[in-house]
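Here's the letter readout for the chains.
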Amino acid sequence: MSEYVNVERPFLEKLRLLGWEVIDHGSCGIPQNPSKSKRNNFREIILFEEFRDSLKRINLTDDGQSWLTEKQIDDVIRELTNHPGAGLLEANKRIFEILTKNTTASVNELTGEQSPLVRLIDFRYPERNSFIAINQFRIDTPGSSRNAIIPDIVLFVNGLPFVVIECKDNDIANPLSEAFIQINRYSNRRDNDYGIREGEEKLFHTNLFSII
């Protein structure tokens, strides 16, 4: 409770003042309703509907029409989520390239333009992007050493998890060290002699940085 009151909630309030949409699960234990965090289930990591809405909002023709089709958005989602055989670092590098250099669609069906850029982030008009902070972001991890991981706060831009935040109060001996270990556990990067899966690497595929 003290961690939520002294660290987590004040952090969320600062984000709210900066214009972020805040979804606060409070400190009432393990979340039970995935829809509160804009998901269909607790295995989902990307906020897919938020991502779809954002792509439509930021990819516009010169006269302000949204031009991406549902199929084209599906193709972008596959490009972001399908990385067979790739480790965490490789997948993260691939997605960073897409975020910064954009991807393409086959054709703009409204204008006829071939291979138009699809922007995942609107750097020119930041207000068109979606900024959401969710605390106690439960991700179910069947087959791992625990049934789920629950990072304290995850920051989403256009439905993509860019930042993972682990909060610790100073009522424990080494709060920063404990938070660092926790982040490594969530990303399956903690030294483990038994090779046991502890977290969910997909949470960090679009990660830009983490905060402890």
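Residues numbered from 1 in each chain as written. Predicted model: local features only at pLDDT ≥ 70, side-chain atom pairs only at ≥ 80, totals over all residues. Heavy atoms only, no water.

A. Representation of the overall build of the chain in the model. Scanning the chain from N- to C-terminus turns up 5 helices and 9 strands. Along the chain, from the amino end to the carboxyl end, the secondary structure elements read α-β-α-α-α-β-β-β-β-β-β-β-α-β. Taking 212 residues into account, the globule formula puts the C-alpha radius of gyration at 17 Å, and the chain, at 18 Å, falls close to it. Each of the three principal axes of the chain carries a C-alpha extent, and together these read 60 × 40 × 30 Å. Scored against the burial criterion, the 212 residues of the chain give a buried share of 46%. (Helix = DSSP H or I, 4+ residues; strand = E, 2+ residues; numbered from the N terminus. Rg over C-alpha atoms; globule rule 2.2 N^0.38 Å. Buried < 20%, exposed > 50% of the residue type's maximum accessible area, 1.4 Å probe, protein only.)

B. Spatial organisation of the sheet that holds strand S1 (residues 21-23). Strand order in this open sheet of 5 strands is S1-S4-S7-S8-S9, and the pairing throughout is mixed. Edge positions in the sheet fall to S1 and strand S9 (209-211), since each of these pairs with one other strand and no more. Neighbour-to-neighbour, the strand axes of this sheet turn through a mean angle of 25°, independent of strand direction. Judged from the 5 bridges that link them, strand S7 (residues 153-157) and strand S8 (residues 160-165) form a sheet pairing that is antiparallel. In the strand pairing of S8, Val 157 is matched with Leu 160. (Pairing = 2+ DSSP bridges. Axes fitted to C-alpha atoms, helices over the stretch in contact; angles between N-to-C directions.)

C. Just the side chain of Asp 122, in detail. Considering the arrangement of structural elements, one finds Asp 122 in the loop between strand S3 (117-118) and strand S4 (131-135). For Asp 122, a relative accessible area of 5% gives the class buried. Polar side-chain contacts of Asp 122 include one of 2.8 Å to the backbone nitrogen of Tyr 125. (Polar contact = N/O pair within 3.5 Å; in protein donor to acceptor, adjacent residues only side chain to side chain.)

All quantities given are derived from atomic positions and should not be read as evidence of function.
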